[in-house]
Amino acid sequence: MFARIYRVLTSLKLTVALLALGLILVFWGTLAQVNLGLYKAQNDFFRSFFIYWSPAWSSWKIPIFPGGYAIGWLLLVNLFAAHFRYYQPGQKKWGIVLIHLGVVLLLFGQLLTDVFSTESTMHLRNGETKNYSEASRHFELAVIDASAADSDKVVTISSHRLQRGGDITHEALPFTLRIRRYYPNSMPSEKPLPGYSQMETSAGFGNGIWWREMPHETDTDKRDMPSGIVELIGPGGALGSFAISSYFNRPQEFTYDGRPYRLVLRPTRFYKPFTVHLVEFKHDRYPGTDIPKNFSSRVRVQRPATGEDREVLIYMNNPLRYEGETYYQASFDTDDQGTVLQVVRNPSWLTPYFSCVMVGIGLTVQFLKSLVEFAKKRKQA
Amino acid sequence: MNFRILITAAVLLAGCGRNDINVYIVPKEAPPAPEPTTANAAPVRWVTPAGWEPQQAGDFRVASFKLTGAAGAQADVSIVPLPGEAGGDFSNVNRWRNQVGLPPVSETDFATLGQPVEIAGQPGKLYEQDGESSSILAAIQVRDGTTWFYKMTGAPALVTEQKPVFVAFLKSIQFQAAPAAAPSAEGTPQWNPPAGWAVAPAGQFLVAKFTVAGGAAAVNISTAPGDGGGVMPNVNRWRKQLGLEPATDATGLQEIETAAGRATVAEMNGEKAALVGVIVALPDRAWFYKLMGDAGAVSAHKAEFLQFVREVKY
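Draft legend 1. The overall build of chain B, seen in detail. Secondary structure assignment for chain B yields six helices and 17 strands. In chain B, which comprises 314 residues, the proportion classed as buried is 32%. Of the contacts made within chain B by residues no fewer than 6 positions apart, 51% connect residues no fewer than 24 positions apart.

Next comes the structure, spelled out in structure tokens:
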């Protein structure tokens, strides 16, 4: 039994089959973006073990094709296994070894990118300064202790944790947060509508608003808008329940133990040890037309701890690389007075370069070896 | 052995990610945005049309109005900003259709529903949902990552009647610029109409229109590229509107100082109406301001009209 599995996993036919499946997957996944949008297509086709199909008459999910994770992992295992099966020490085939290792590094690097890389955005108006970027699809509940004169103590709780409900305690929080209700995607209404229920809270604003849960949003240009009810519980008992919602444009405010607090459900923030200040956003057009010629953001990066203070020009294909993050010119405000920078942190961004160099060297070595052997044989003949 | 290492690595990787709870000490943030309960605290300004009664704004609304029409018909107007796409236009329109008892539309049909409308100098979309007992007239515009909803809900006849006023109201909206933002080089200048002026539907060739003294007079604002045809042809155009003979020279014209430099003022009295016109010539275009109507009303409001023109920022 094990011998059979070993033979299948080490089979070179499996390699070819997996590569062929990979080709089909990329082709299919690319076409699927037309209807599903980029985000959903990426999740359904490449960030999954299987592609599922649901018959129109039921909610069943039937796996019909291997997804990106399944093909990637199998290819990785197959490459390793085949290598150990066919590699014979003493043979001078280190070109092949390099090629294999290069491909393994490429696959593994992609997995690392998938797991470790984060993408966020930094929206700045002209003259604005920020020390954080924001996730575009993830939210957090921030409990802000604003009692200090020059700094805020911020405790953030991920949307993921809020979804699990129950009581949340933490050494940095002087009270317990009890998640009464949390909808990862929601729709509020000022009036009663079919399917909506009334929010019942005892403190802050929002009591009496009508709301309902909405299905998870997967379109590229839409996102989930969570809402919930959180109750604060101190040592002496309940302190009050508050409505939290990504639809609110101001935080809930309260005082506890003489300290002012703010409670806000907001896009997840990634704080930086430096600030980025937008000096000027420029949207150049070709003279006499509305055709865009160039978008650029002149930013000032200041880092108080090191005294660093410099200006950088970010424009198309010329991002700012700083502190392991890359700041790309991604979008801008409709009135041309603000910019949106995409902030990508990818600790394994160098792996594709290394793997390409390894495969390149491996191929060159193999080719030269064959060439030399061929030339020798020809000479002898 | 090698498989075991791989599986261990995979499990470790799967367990990685951000913590559920994080604590930061960050430099003090700017104080929270002021409560959007009054017009002054919100980042938008508007000219309230005649007959619209301002109401207390709510948790979502930055402005709220009530209007009453014939036979006690009522309508409600709201301005609501929501972050992001706020569900998207398609689902919002279908939600409104559901509210007024209309069947949902398909995505293909939806694409033809939106009428272009100008909101604060930028394009928006206007959707009309006419039901049997209530109608919803709603405009949507996305500005800097926020979706702004301008909605009139009420009796169908009143909503239909108020549509031109609603469109003019949308046009009158102004967003306060970011503190460090440079003034816009293009688009509508910023003006501050005196109390008592009511925004009115602007015609095809007008940028804005206000009624003064309860409708006894009106202020029209229009613009044209270049010099707009010159001073005298425009003065004579105005004279013709009052039934006066064309003037042959610039005698009687005056000049005033405005934010954009000197401007020409023409005053004229016809048999039935009077007119005060101001021509502001900028390097690339000319702006025309006209106060016209009942002679008494024009005379009474001339000073505030000229002050209004002086303060317009281009």
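Let us keep going from here.
Draft legend 2. Seen up close, the packing of helix H4 (residues 68-86) of chain A against helix H5 (residues 94-116) of chain A. Residues and elements named next belong to chain A. Put simply, H4 and H5 touch, their axes get as near as 10 Å, and they point 155 degrees apart. Between H4 and H5, the angle falls in the class roughly antiparallel. Viewed along their axes, H4 and H5 form a crossing whose handedness is left-handed. Residues Gly72, Leu75, Leu76, Leu79, Phe80 and His83 of H4 lie in contact with H5, whose contacting residues are His100, Val103, Val104, Leu107, Phe108, Gln110 and Leu111. Of the residues belonging to the contact of H4 with H5, the class tally is nine nonpolar, four polar and no charged.

Draft legend 3. Local environment of the nonpolar core. Among the nonpolar cores identified, the biggest contains 72 residues, and B:Ala138, B:Phe210, B:Val219, B:Leu291 and B:Val298 are the most heavily contacted of them. Sorting elements by how many residues they give to this core places helix H4 (residues 156-172) of chain B first, with seven residues.

Draft legend 4. Main features of the sheet that holds strand S8 (residues 186-189) of chain A. Residues and elements named next belong to chain A. Taken in spatial order, the three strands line up as S8-S10-S9 in an open sheet, and their pairing is antiparallel. Both outer strands of the open sheet, S8 and strand S9 (197-198), are each paired with one neighbouring strand and no more. As paired elements, S8 and strand S10 (residues 210-213) share four bridges and run antiparallel to each other. Note that in S10 the partner of Pro188 across the bridge is Trp211.

Draft legend 5. Highlighting the environment of B:Ala259. Along the chain, B:Ala259 falls in the loop between strand S14 (254-258) and strand S15 (261-269). With 55 residues separating them along the chain, B:Ala259 and B:Tyr314 place their C-alpha atoms 8.0 Å apart.

Draft legend 6. A look at the sheet that holds strand S12 (residues 237-245) of chain A. Residue and element names in this part refer to chain A. Pairing is antiparallel in the open sheet, where four strands are placed in the order S6-S7-S11-S12. Two strands lie at the open edges of the sheet, namely strand S6 (166-168) and S12, each paired on one side alone. Sheet twist, expressed as the mean angle between neighbouring strand axes with direction ignored, is 30 degrees. With three bridges connecting them, S6 and strand S7 (residues 176-183) associate as antiparallel partners. Bridged to Ile168 within S7 is Leu177.

Draft legend 7. Spatial organisation of the pairing of strand S16 (residues 308-315) of chain A. Residues and elements named next belong to chain A. Relative to S16, strand S15 (residues 292-303) is paired through eight bridges, and the arrangement is antiparallel. Bridge assignment links Arg303 to a residue of S16, and that residue is Glu308. Counted between consecutive antiparallel strands, the loop separating S15 from S16 contains four residues, among which Gly307 sits at a positive phi close to 80 degrees.

Draft legend 8. Representation of unusual backbone geometry within the structure. All names here are of chain A. Of note, Asp257 is a non-glycine position whose phi angle comes to about 55 degrees, a positive value. Here Asp257 lies in the loop between strand S13 (252-256) and strand S14 (259-285). Positioned with a positive phi, Glu323 is a non-glycine residue whose angle comes to about 55 degrees. Positionally, Glu323 belongs in the loop between strand S17 (320-322) and strand S18 (325-332).

The rules behind the values
Residues numbered from 1 in each chain as written. Chains lettered and ligands numbered in written order. Predicted model: local features only at pLDDT ≥ 70, side-chain atom pairs only at ≥ 80, totals over all residues. Helix = DSSP H or I, 4+ residues; strand = E, 2+ residues; numbered from the N terminus. Buried ≥ 20, exposed ≤ 12 C-beta atoms within 10 Å, placed from the backbone. Contact = placed C-beta atoms within 7 Å. Axes fitted to C-alpha atoms, helices over the stretch in contact; angles between N-to-C directions. Parallel < 35°, antiparallel > 145°, perpendicular 65-115°, else oblique. Left-handed = near helix turned anticlockwise from the far one by under 90°. Nonpolar A, V, L, I, M, F, W, Y, C, P; charged D, E, K, R; others polar. Core = buried A, V, L, I, M, F, W, Y, C linked by C-beta atoms within 7 Å. Pairing = 2+ DSSP bridges.

So far we have only geometry, and geometry alone does not tell us how the molecule works.
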